[in-house]
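Structural description and commentary
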Protein chains: 2
Amino acid sequence: MALIDEFTTQYGLVKKMDAFGYLERLRKDPGQPRKQGRVILVTADTPLKASRGEGKTTTTIALIDALRARGVDAAAVLRQPSMGITAAGSKGGASGGGKASLTHPELVDWGLTGEMSAIEAAQNLLASFAEKAVDDGIIDTVLVPRVCEVPSRSARQIAVDRGKGDVPERMVLTPASEMMQIVVLSRSMDELGRRVAAMVAGTKDGKPVRFGEFIELWRITGILHDAVKPVLTETVNGSPVYVHGGPFANVSLGIPTLVSVDMACALHDVVVVEAGYGADAGAQKWLDIACREYGAQWPAAAVVVTRASTWRDDPELQWRYPFHVNRLESIGIPTFPLINLWEGEDGQVDSLRQTARSLGFRTPIVGNLFRDGGLALSGQLDDFVSVLGIGPTGEVQHAESSAPSAVATARMADKTSHRGVDVLDEARWLASSAYGVSENHVLLKPGFEESLEDARRLCLQAEVNIDDLAFLAVKSPATMTDDDRVAQGERTVTLKKVDPHFGAGLLHVSLTTSLTTPMPKIV
Amino acid sequence: MALIDEFTTQYGLVKKMDAFGYLERLRKDPGQPRKQGRVILVTADTPLKASRGEGKTTTTIALIDALRARGVDAAAVLRQPSMGITAAGSKGGASGGGKASLTHPELVDWGLTGEMSAIEAAQNLLASFAEKAVDDGIIDTVLVPRVCEVPSRSARQIAVDRGKGDVPERMVLTPASEMMQIVVLSRSMDELGRRVAAMVAGTKDGKPVRFGEFIELWRITGILHDAVKPVLTETVNGSPVYVHGGPFANVSLGIPTLVSVDMACALHDVVVVEAGYGADAGAQKWLDIACREYGAQWPAAAVVVTRASTWRDDPELQWRYPFHVNRLESIGIPTFPLINLWEGEDGQVDSLRQTARSLGFRTPIVGNLFRDGGLALSGQLDDFVSVLGIGPTGEVQHAESSAPSAVATARMADKTSHRGVDVLDEARWLASSAYGVSENHVLLKPGFEESLEDARRLCLQAEVNIDDLAFLAVKSPATMTDDDRVAQGERTVTLKKVDPHFGAGLLHVSLTTSLTTPMPKIV
């Protein structure tokens, strides 16, 4: 029996994996057989609108099916979609489609095994404890928002204790909650507990009060007991797919849990990780937050998905796709363009390849993944697998043989942490590196400096250096700058406000185009 | 392989049972082997306060362990406790204790397999659809409340769209929601869908609008796909326990789902069903709502649990326990007093038996169930099993041999439906039969008649006869009347307001002592 089987439980039509327990065992017993899987990052072009996906999940599924067909031990790690959004019809699910599907998409789209709702209950229980702390005189102002798994625009801003206190509060979607961020970032139940204890419940006379000062942590960790376990399901072709963590790369992390990726890397040679929305969102957060600040693995390669129509049909936005591809290459990540064809677009393949060549891309991978699944890709992955140092029979070569190019190595110098970098400097660096906006085009909206000052004061009183918090951009999923349609030299990014998440160790910085309390329209 | 195995799935440390599928199969194929289990109702004395249980779950668990030790094929059906309340520390869990425990109490107390949160998501999605219906001009007033699984007093009354619409709304605890009532009462997914469609979203120019008029039902039933499946777990002694349905017999139904009991009756000879709070709450609702109006099985016997201290230490409230025992006997249900001893009370056994005798009870069953579990009972169940017509080796005799006494039969005449009985007549009947209040002591609080008029108008417009809705008393769990401490002749019941639940087919009638939006204090 493999070690992982001790940590695996049947859970209806899927399996739950005790990733914390398994990784702990590997730490304690380094002699245990394990793999050293390489992370492939699947990201995408910036979508034309939030509800229109390019097909990242479909691509991820087709990609591992194609790799396994070539004998490569590949697995995927996906995030659990927000059931509320799917159920409400605001957005499709996130479980692939057509021949690139999961065996039980309905489970993934409809609440899986209760992970999201346990996280919702945990955060709402914190809100209730904060409220009690007000009654008990421990705090006078509640800072932790309530959460809800189904979207409701009118719940963005609520007043509780109507007719008496009329206390203003906020409600955010569960996947965007700090509790979800903590589940995504924590590598053990102890770390999770420490992070919950570090969350700020509210303030007393302006001073922050952390939950650890007045609640019993087991009440929260008890709720999350099963939610911290990744789900194992599979594609219709039997390829393993782990699902864990939350969506919303625009307003939160939008990446799978770090433990689900760590676990997958111990079990498979190639681990395809899907991050949310465009390369300016999920990929930026995987690289600059997960990798730089939280010890996640720097990708061995990236695939940037787009649709022919997204890429080319809007002349003013054509610049975004090449920008993403070149940006990732420029930091030493071998980056493969993937064009996900819709019905009736097969005729465009040649012109798409030509355009890709004219832009100096690597040979693009092109196919109708919904219609053809992995078969659409298998013939086009030679360059891809050679970059990964995978031999003809699918086995991974020794690291040496797949050493990155000298150029790449040089560029890969900047994988280091940005801890301690001034907030504004970090904002300028991010705008330039991820959005292509020159550093002197980062503007401050009236009120931003006050917001930053308040946050600095809060951090000071919490004995946290604000520059040590990881910079998390809160933005619209469909835009990279204040106006993506103006000429490159005129593009700006405006900073609106900041909001520290002490438990997750993140500094939320809202850009003008952001919707800080995500509650999508029900359509 | 037994038929039920086709409908059973491992779900972590418990099993999930597709009760709808199994019962449907039995209907279609009457030739299939099945049992005709008899329902034993476990209820209790009215507790001295809401957070203090008498030990119904502990008793239920000890009872089936004791019966199985005697060779009886007994199983228990429990309700899932409200995780929010347990996690918040407002109340203990509901999974027994000591030697009368479940193998995995933490699962039952902490969200089980997500049933409660799926119900929460379903009801909140309805609230969001109602809100959208306002935007779309389909309704102008939302009537369906939002729900939350964790208690928050200040959320009882909220205003959404703060600063703009400031629309008043309510938030109730998930287990008290109409969605939970629908899950408890529905015997098929079709029935569940019909009931959701019949729920009133709100009003347009005062006229009720049902969800069926504007939503896609599959979005709701999709969320509930797994939540409608009872959980199978077991006692530490290996006795089967089904867990399904919601608590809160004071403000809602507080009984297990009807399908979980139907299924258990097809699989076991004796099915011990636990209903919430005192006999004036859960037992009243099992008998007068589940049995009379929804085709549930009339109990073959009842066990009324109390603690020596509850029963005797408050002279003014001493009347309640005998009232419950005698009331159930008076309607033809063989009723066994059970006194659940706490540590240090063993010395009281003789005097307790004496008091029981002086009150004309059947021989009481007495024991420290936490300390001794089923062993405390096994020697005391001879009368009990003979009433059930169970032979010395545990096998059930033919119905004839366990025919109820002539007296009982006579009394059992009034198992009939009260459909069509006028609301006020029903209130008087209930006050007299379940609370011991003479019919002319049912008072109407100022405003009640207006509330009843509004409800009548709403029902008229919804083409529902208000007298056809099952009468559901909404009251405090710790009191039966406006003041249980005054002399019997002076006790009154005051009707405060009414609230029709069109989907569940219930008419909520609030009594003065009720808390209409249950959001317990966090302690």
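Residues numbered from 1 in each chain as written. Chains lettered and ligands numbered in written order. Predicted model: local features only at pLDDT ≥ 70, side-chain atom pairs only at ≥ 80, totals over all residues. Heavy atoms only, no water.

Just so we agree on the cut-off: UniProt positions are given in the numbering used here, feature names are shortened, and annotations may be inferred rather than shown by experiment.
Going by an unreviewed UniProt entry, chain A carries the name formate--tetrahydrofolate ligase and comes from Bifidobacterium bombi DSM 19703. In its Pathway (unreviewed entry) section, the UniProt entry covering chain A states "One-carbon metabolism; tetrahydrofolate interconversion."

A closer look at the overall build of chain A
What counts is decided by this rule: Only DSSP runs of H or I reaching four residues or more are called helices, and only runs of E reaching two or more are called strands; each is numbered from the N terminus. With C-alpha atoms as the basis for the radius of gyration, the globule rule is written as 2.2 Å multiplied by the number of residues raised to the power 0.38. Relative accessible area decides the class of each residue, using a 1.4 Å probe on protein chains only: under 20% of the type maximum gives buried, over 50% gives exposed, and in between gives partly exposed. Contacts are assigned to residue pairs that have any heavy atoms within 4.5 Å of one another. Per-residue and other accessible areas follow the Shrake-Rupley method at a 1.4 Å probe size, with only the shown protein chains counted as cover for residues. As used throughout, the charge tally considers Lys and Arg to be positive and Asp and Glu to be negative, leaving His and the chain termini uncounted. Charged groups are reduced to one reference atom each: NZ for lysine, CZ for arginine, CG for aspartic acid, CD for glutamic acid.
When helices and strands are tallied, chain A shows 19 helices and 22 strands. Taking 523 residues into account, the globule formula puts the C-alpha radius of gyration at 24 Å, and chain A, at 22 Å, falls close to it. Counting every position in chain A, which comprises 523 residues, the buried fraction comes to 63%. Of all intrachain contacts in chain A linking residues separated by at least 6 positions in sequence, the fraction that spans at least 24 positions is 76%. Entry remark: accessible area of chain A is about 18,300 Å², with carbon and sulfur atoms responsible for 52%. Each charge class in chain A was averaged separately, 54 positive and 65 negative side chains, and the resulting centres sit 2 Å apart.

Quick word on the pattern of salt bridges
All names here are of chain A. Rules: What counts as a salt bridge is simple: a side-chain nitrogen of Lys or Arg found within 4 Å of a carboxyl oxygen of Asp or Glu.
Applying the stated rule across the entire model yields 62 salt bridges over all chains. The shortest N-O distance in the salt bridge between Arg146 and Glu131 comes to 2.9 Å. Taken together, the positions of Arg146 in strand β8 (residues 146–148) and Glu131 in helix α5 (residues 115–135) put the pair 15 residues apart, joining distant regions of the chain. Judged by its relative accessible area of 9%, Glu131 falls in the buried class. Residues Glu216 and Arg219 are paired through a salt bridge, measuring 2.5 Å at the closest nitrogen-oxygen approach. Classification of Arg219 as buried rests on a relative accessible area of 12%. Each of Lys35, Arg68, Asp73 and Asp269 takes part in one network of salt bridges that share partners.

Remarks on the domain arrangement of chain A
Residues and elements named next belong to chain A. Worth spelling out the cut-off: Domains are outlined according to an automatic or database domain assignment. In short, buried area is how much 1.4 Å probe accessible area vanishes from two parts on joining, totalled over both. Polar contacts here mean pairs of N or O atoms no more than 3.5 Å apart (in protein, one a potential hydrogen donor and the other a potential acceptor; neighbouring residues in sequence count only if both atoms are side-chain atoms). Note on residue categories: nonpolar means Ala, Val, Leu, Ile, Met, Phe, Trp, Tyr, Cys or Pro, charged means Asp, Glu, Lys or Arg, and polar means any other residue, Gly included.
The domain architecture assigned to chain A consists of domain 1 (37–112 + 232–407), domain 2 (115–226) and domain 3 (419–510). Relative to domain 3, the C-alpha centre of domain 2 lies at a distance of 24 Å. Across the contact, 15 residues belong to domain 2 and 13 residues belong to domain 3. Note on domain 2 versus domain 3: buried area summed over both sides is about 990 Å², and carbon and sulfur give 55% of it. Between domain 2 and domain 3 we count zero salt bridges in total. Seen at the junction of domain 2 and domain 3, the total is eight residue pairs in polar contact (both at pLDDT 80 or more). Contributing elements (two or more residues each) for the side of domain 2 that touches domain 3: α6 (178–185), α7 (189–198), β11 (200–204) and β12 (207–210). Sorting elements by how many residues they give to the side of domain 2 that touches domain 3 places α6 first, with four residues. When its residues are assigned to classes, the side of domain 2 that touches domain 3 shows seven nonpolar, three polar and five charged.

What to know about the environment of Leu444 of chain A
All names here are of chain A. Tracing the backbone shows Leu444 in strand β19 (residues 442–444). When its relative accessible area of 31% is taken as the criterion, Leu444 is described as partly exposed. Each C-alpha atom, one on Leu444 and one on Ser95, is 39 Å from the other, the two residues being 349 residues apart in sequence. Dropping the residues within four chain positions of it, Leu444 is found in contact with Leu424, Glu449, Thr494 and Leu495.

Some thoughts on the pairing of strand β15 (residues 270–274) of chain B
Residues and elements named next belong to chain B. Test applied: The rule for pairing is simple: two strands pair if DSSP sees at least two bridges between them.
Of all five residues that make up β15, five are buried, and the element is covered over most of its length. Alternating residues of β15 divide into Val270, Val272 and Glu274 and Val271 and Val273, and every residue in both groups is buried. Relative to β15, strand β4 (residues 74–78) runs parallel, the two being bridged by four bridges. When the bridges of β15 are listed, Ala74 appears paired with Val270.

Details of the interface of chain B and chain A
Taken together, the contact pairs 44 residues of chain B with 43 residues of chain A. Our count for the chain B to chain A interface comes out at zero salt bridges. Counting every contact that joins chain B to chain A gives 15 residue pairs in polar contact (both at pLDDT 80 or more). Sorting the residues of the side of chain B that touches chain A by element identifies β1 (8–11), α3 (83–88), α5 (115–135), β8 (146–148), β9 (157–160), β10 (167–173) and α8 (218–223) of chain B as the ones contributing at least two each. By residue number, the principal contributor to the side of chain B that touches chain A is α5 of chain B, which donates ten residues. Tallied by class, residues from the side of chain B that touches chain A come to 22 nonpolar, twelve polar and ten charged.

Details of the relation of the copies chain B and chain A
Our working rule: Only residues with pLDDT of at least 70 in both copies count here: their C-alpha atoms drive the least-squares fit that superposes the copies.
The two copies are related by a screw motion: chain B maps onto chain A through a turn of 180 degrees and a shift of 0.0 Å along the axis, at an RMSD of 0.0 Å. Both copies are brought into coincidence by an operation consistent with a two-fold rotation axis. Closest approach to the rotation axis within chain B is made by the C-alpha atom of Tyr11 of chain B, at a distance of 2.0 Å. By residue overlap, the copies meet face to face through one surface: 98% of the interface positions of chain B are interface positions in chain A.

Focus on the sheet that holds strand β12 (residues 207–210) of chain B
All names here are of chain B. The antiparallel open sheet is built from three strands, whose spatial order is β7-β11-β12. Only two strands of the sheet have a single partner each, and these edge strands are β7 (141–142) and β12. Note that β7 and strand β11 (residues 200–204) share two bridges and pair antiparallel. Its bridge partner being in β11, Val142 is matched across the sheet by Gly202.

A word on the layout of surface pockets
All names here are of chain B. Condition: Using a 1 Å grid laid over the protein atoms alone, points where a 1.4 Å probe fits but cannot get out form a cavity; open sets with protein on both sides within 12 Å along at least 5 of 7 lines form a pocket; any residue with an atom within 4 Å of a point counts as lining. Grid points are joined across faces, edges and corners, and a volume is the space filled by probe spheres set on the points.
Counted as a void, the largest pocket has a volume near 1,100 Å³. If you go around the largest pocket, you meet 46 residues; those closest to its centre are Val142, Leu143, Val144, Pro145 and Arg170. Those elements that provide at least two residues to the lining of the largest pocket are α5, β7, β9, β10, β11, α19 (448–461), β21 (493–501) and β22 (506–511). The leading source of residues in the lining of the largest pocket is α19, at six residues. A breakdown of the residues in the lining of the largest pocket according to their chemical character gives 20 nonpolar, 13 polar and 13 charged.

As for the environment of His104 of chain B
Residues and elements named next belong to chain B. Here His104 lies in the loop between β6 (100–101) and α4 (105–109). You can call His104 partly exposed: its relative accessible area is 21%. Linking His104 and Gln123, residues 19 residues apart in sequence, is a C-alpha distance of 28 Å.

Quick look at the side chain of Thr58 of chain B
Its place among the elements puts Thr58 of chain B in helix α2 (residues 56–69). If we skip the residues at most four places from it in the chain, Thr58 of chain B touches Gly96, Gly97, Ala100, Leu369 and Phe370 of chain B.

Description of the sheet that holds strand β7 (residues 141–142) of chain A
Reading across the sheet, the three strands line up as β7-β11-β12 (chain A) and stay open at both edges, with antiparallel pairing between neighbours. The sheet terminates laterally at β7 and β12 of chain A, the two strands that pair on one side only.

Focus on the nonpolar core
Applicable threshold: What we call a nonpolar core is a set of buried Ala, Val, Leu, Ile, Met, Phe, Trp, Tyr and Cys residues that are connected through their side-chain atoms within 4.5 Å.
In this structure, Tyr22, Leu224 and Trp286 of chain A together with Tyr22, Leu224 and Trp286 of chain B are the most contacted members of the largest nonpolar core, which totals 210 residues. Leaving out residues up to four positions away in the same chain, Leu224 of chain A has contacts with Ala118, Ile119, Ala122, Met179, Val183, Met189 and Leu192 of chain A. Listed in part, the 78 residues of the second largest apolar core include Val243 and Ile390 of chain A together with Val14 and Val243 of chain B.

Quick notes on the environment of Glu6 of chain B
Residue and element names in this part refer to chain B. Residue placement: Glu6 occurs in the segment before β1. Sequence spacing of Glu6 and Leu507 is 501 residues, and the spatial spacing of their C-alpha atoms is 38 Å. Apart from residues lying up to four places away in sequence, Glu6 is in contact with Met1 and Arg25. A polar contact of 3.0 Å, which involves the side chain of Glu6, links it to the side chain of Arg25.

Considerations on the side chain of Thr60 of chain A
Here Thr60 of chain A shows up in helix α2 (residues 56–69). Overall, Thr60 of chain A belongs to the buried group, its relative accessible area being 0%.

Quick notes on the packing of aromatic side chains
How we decide: Pairing of aromatic side chains here covers Phe, Tyr and the six-membered ring of Trp, requires ring centres within 6.5 Å, and sorts the geometry by plane angle: under 30 degrees stacked, over 60 edge-to-face, intermediate tilted. Counted as over-ring charges are cases with an Arg CZ or a Lys NZ within 6 Å of the ring centre that also lie within 35 degrees of the ring normal.
By the definition in use, this model includes 15 aromatic pairs over all chains. Relative to Phe214 of chain A, the ring of Phe211 of chain A lies with its centre 5.6 Å away and its plane at 40 degrees, an arrangement referred to as tilted. Here Phe211 of chain A falls in the buried class, since its relative accessible area comes to 0%. Geometrically, the ring pair formed by Trp319 of chain B and Phe323 of chain B is edge-to-face, given 6.1 Å between the ring centres and 70 degrees between the ring planes. In this structure an aromatic cluster arises from ring pairing among Trp311, Tyr321 and Phe361 of chain A. Above the ring of Trp319 of chain B, the side-chain terminus of Arg491 of chain B is found at 3.6 Å from the ring centroid.

What to know about the pairing of strand β17 (residues 335–340) of chain A
Residue and element names in this part refer to chain A. Most of β17 sits inside the fold, with six of its six residues counted as buried. Residue alternation in β17 divides its side chains into two sets, Thr335, Pro337 and Ile339 and Phe336, Leu338 and Asn340, and both sets are buried. Bridging between strand β16 (residues 301–306) and β17 involves five bridges; their strand directions are parallel. Residue Val304 lies in a different strand from β17, and its bridge partner there is Pro337. Inspection of the sheet shows β17 paired to strand β18 (residues 365–367) by three bridges, in the parallel sense. From the neighbouring strand, Ile339 faces β18, where its bridge partner is Val366.

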